[in-house]
Amino acid sequence: MNTEHTLALLQNYQPTGDKEKHDLAFIIDFVKRTDAFTSRHTPEAHLTASAWVTNGDHTRAVLLHHKKLDIWVQPGGHIDDSDESLQVASLREAEEETGLSNLQPVSDGIFDVDIHEIPARKSEPAHLHLDIRFWFETPTDTLTLSDESHDLAWFEANKVADVTTEESILRMVRKSLVQG
């Protein structure tokens, strides 16, 4: 993945709130000092790409119940070597994890950034995911569960807090969904 393009994308993003500002500064520094910033073999951390998927009228968003992490999250994950950009990786992850194939970007820029710790598992130590998120919308309601998730569903803004208290997800709800 092109370092200059990635840095330009990050530097053009306008974060909201202190947490996002801190996370963005850390991510930019990480990309500047780390050659393999997308490699899951970089022990400290690596960039990941997520998709915030809403319906066309921005009243609902897709969340999935992640098997390994046992939490409700937006679609997303690791960046493949074949992904030409962060947005392409985000779109690929969304399609793989939701079964949706007609996703349209709301903009070309970053929608949200977040840093979160991934706990140690058998074959890998605890590390950070430096998550770069893009917003997509779709006219389609039908979701297809992947083998990476226990469940997958559409949620209205006032129902997201029923399944997660994760501030970064609630922040994306506030940024995008019509509050009913």
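Owing to the predicted nature of the structure, the values given are computational and were not obtained by experimental measurement.

1. As for the pattern of salt bridges
For step 1, the next point in the chain: Tallying each qualifying case throughout the model produces 19 salt bridges.
For step 2, the next point in the chain: For D80, the salt bridge goes to R92, with nearest N and O atoms at 3.5 Å. One end of the pair, D80, is in the loop between strand 4 (76-78) and helix 3 (86-98); the other, R92, is in helix 3, and 12 residues separate them in sequence.
For step 3, the next point in the chain: You can call D80 partly exposed: its relative accessible area is 35%.
For step 4, the next point in the chain: R92 serves as the salt-bridge partner of E96, at 3.3 Å between the closest nitrogen and oxygen. Of the two residues, E96 and R92 both sit in helix 3, four residues apart, roughly one turn of that helix.

2. Re the packing of aromatic side chains
For step 1, the next point in the chain: In total, this model carries two aromatic pairs according to the counting rule given.
For step 2, the next point in the chain: Considering the side-chain rings of W72 and F155, the 5.2 Å spacing of their centres and the 80° angle between planes classify their relative orientation as edge-to-face. Taken as a pair, W72 in strand 3 (residues 72-73) and F155 in strand 8 (residues 149-156) lie far apart in primary sequence, 83 residues in all.
For step 3, the next point in the chain: According to the relative accessible area criterion, F155 is buried, its value standing at 11%.
For step 4, the next point in the chain: The interplanar angle of 50° and the centroid separation of 5.1 Å between the aromatic rings of F111 and W135 together place this pair among those described as tilted.

3. Concerning the pairing of strand 2 (residues 60-66)
For step 1, the next point in the chain: In terms of burial, strand 2 is largely enclosed, as six of its seven residues are buried.
For step 2, the next point in the chain: Of the pairings in the sheet, the one linking strand 2 to strand 8 comprises seven bridges and is antiparallel in character. Counterpart to V62 in the pairing with strand 8 is W154.
For step 3, the next point in the chain: Here strand 2 pairs with strand 3 via two bridges, running antiparallel. Bridged to L64 within strand 3 is V73.
For step 4, the next point in the chain: Taken together, strand 2 and the strand that follows it, strand 3, pair antiparallel across an intervening segment of five residues, in which D70 is found at a positive phi of about 60°.

Conventions we followed
- Residues numbered from 1 in each chain as written.
- Predicted model: local features only at pLDDT ≥ 70, side-chain atom pairs only at ≥ 80, totals over all residues.
- Heavy atoms only, no water.
- Salt bridge = Lys/Arg side-chain N within 4 Å of Asp/Glu carboxyl O.
- Helix = DSSP H or I, 4+ residues; strand = E, 2+ residues; numbered from the N terminus.
- Buried < 20%, exposed > 50% of the residue type's maximum accessible area, 1.4 Å probe, protein only.
- Phe/Tyr/Trp six-rings, centres within 6.5 Å; stacked < 30°, edge-to-face > 60°.
- Pairing = 2+ DSSP bridges.

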